[in-house]
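Descriptive structure summary
Next come the chains, spelled out residue by residue.
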Amino acid sequence: PHTGRLALYLLGLRAACPPHSPQRSLVTWLKYYLEEDWTGSRRHGHPLTSYYQYGLGVLALCVHHKRVREEVIRRLLTAQRHGRLGHSGSAVDTEAVVALAFTCLERRRLVGTELAAELRAAAHGASRSMAEAQGPDGIIGNIYSTPWALQVFLATGACQTEPAFGQAMAALLENLEAFGTTATMAQVLPVLHGHSYLDVASMHCQEEPDTLTPVDIEPPTEVPGNKTVQLVVECPLPWCYELRLYDRPVPVPAAASLLDVLWAAAALDPYNFRFHTQDTSQGPFLTQVLGLEARQEKRNYWQLLTTPNTPLQMGIADYRPQDGETLILRLSEW
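Structure report, in brief. (Residues numbered from 1 in each chain as written. Predicted model: local features only at pLDDT ≥ 70, side-chain atom pairs only at ≥ 80, totals over all residues. Heavy atoms only, no water.)

**Digging into the overall build of the protein**
We count it as follows: Comment: elements are numbered from the N terminus, with helices defined as DSSP H or I runs of at least four residues and strands as E runs of at least two. Burial classification: accessible surface area is computed with a 1.4 Å probe over protein chains only, and a residue below 20% of its type maximum counts as buried, one above 50% as exposed, and the rest as partly exposed. We call two residues in contact when some of their heavy atoms are within 4.5 Å. Computed with the Shrake-Rupley method and a 1.4 Å probe, the accessible areas treat only the protein chains shown as cover for residues.
Helices and strands together make up the secondary structure of the protein, namely eleven helices and eight strands. Across the 334 residues of the protein, 48% fall into the buried class. Taking the contacts inside the protein whose residues are at least 6 apart along the sequence as the reference set, 64% of them involve residues at least 24 apart. Of the roughly 17400 Å² of accessible surface on the protein, 52% is carried by carbon and sulfur atoms.

**Structural notes on the packing of aromatic side chains**
To keep things clear, this is the line we draw: For this analysis, a ring pair means two rings from Phe, Tyr or Trp (six-membered ring only for Trp) whose centres lie within 6.5 Å, classed as stacked if their planes differ by under 30 degrees, edge-to-face if by over 60, and tilted for the remaining angles.
Enumeration over the complete set of coordinates arrives at twelve aromatic pairs. Ring plane angle 85 degrees and centroid distance 5.6 Å describe the contact between Trp-29 and Tyr-32, whose orientation is recorded as edge-to-face. Of this pair, Trp-29 and Tyr-32 are both found in helix α2 (residues 23-38), three residues apart, which corresponds to roughly one turn of the helix. Relative accessible area serves as the criterion here: at 46%, Trp-29 is assigned to the partly exposed category. Owing to a relative accessible area of 42%, Tyr-32 belongs among the partly exposed residues under this scheme. For the ring pair Trp-29 and Tyr-33, a centre distance of 5.8 Å and an interplane angle of 35 degrees mean the geometry is tilted. Residue Trp-29 and its partner Tyr-33 are located together in helix α2, separated by four residues, close to a single helical turn. Assessed through its relative accessible area of 16%, Tyr-33 is described here as buried.

**Observations concerning the environment of Glu-95**
Inspection of the secondary structure puts Glu-95 in helix α6 (residues 88-107). In sequence terms Glu-95 and Ala-79 are 16 residues apart; their C-alpha atoms lie 9.8 Å from each other.

**A few points about the pattern of salt bridges**
The cut-off we apply is this: By convention in these notes, a salt bridge is any Lys or Arg side-chain nitrogen within 4 Å of a carboxyl oxygen on Asp or Glu.
In total, this model carries twelve salt bridges according to the counting rule given. A salt bridge links Arg-75 to Glu-35, with the nearest nitrogen and oxygen atoms 3.9 Å apart. Of the two residues, Arg-75 sits in helix α5 (residues 70-81) while Glu-35 sits in helix α2, which places them 40 residues apart along the sequence. Judged by relative accessible area, Arg-75 falls into the buried class, the value being 10%. Its salt-bridge partner being Glu-70, residue Arg-74 comes within 2.9 Å of it at the nearest N-O pair. Placement of the pair is Arg-74 and Glu-70 together in helix α5, with a separation of four residues, close to one helical turn. Given a relative accessible area of 26%, Arg-74 falls into the partly exposed group. Put simply, Glu-35, Arg-69, Glu-71 and Arg-75 are held in one network by salt bridges that share partners.

In structure tokens:
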């Protein structure tokens, strides 16, 4: 099911205030996708896509002022209460999307009084857990998760009392260069203006000025020279008997990203080094290395680290390693 993609499209459509749009039929499709998505729970115990996409679907329906069946909402409540919302940075993303959906449903009075109280408590609980997850650098989860957490602080009103809000905002302002794709810009721009996605629901389109004007963007300047990156692939027990499966230097151009390093490694040793990615709205996501596939039903993923044991705050297409840096691709459990 295209749950997350259609949900994002409907959120963007509502924010763009189009004069005419097929919103009614798209909302019907989204309701259908939410039901199709949940058929995966019979086999895997979670949606066919992910709780992140499922939460986005509920949020998009709420923003369009559409009621959601109580059973659909309780699926998310149960997942949150039992800690099923993902690993590391993605857990912050998912918990934030779910908290925004809960706050929207409660605020728009699209649920009964008893369920509204449960949703309010769950959203505030999510806000507290995000504050507890904040690192010493102010980042919550990772740099891309931080705008989601800030949206929750804004939506729940915690931004006025939670010290983590100011620290996270400062960290965000120091790392704005990380938000170079359309999807990541869409997450960070509302926060920089003091808004969350919930504010889209209360927009008055007739009062919105036409501010969509093209912007000339200069192409990035070329960085001369080359660099060498040490690329390591690790696979601990129980998936592999040998921890370190690959360890060799990879020469690349000075401006190369981690994704470029992977392509260069594959070109150097096509028989021994292979990898696959999956396209997402935030760029390519690493799914398979050396024939080892990370799968949600196995509760594992390819973690990206720089030595000695520091998780990367960017994706493979955005992170640009330094000359001599050692990068680790580690199959990890969440």
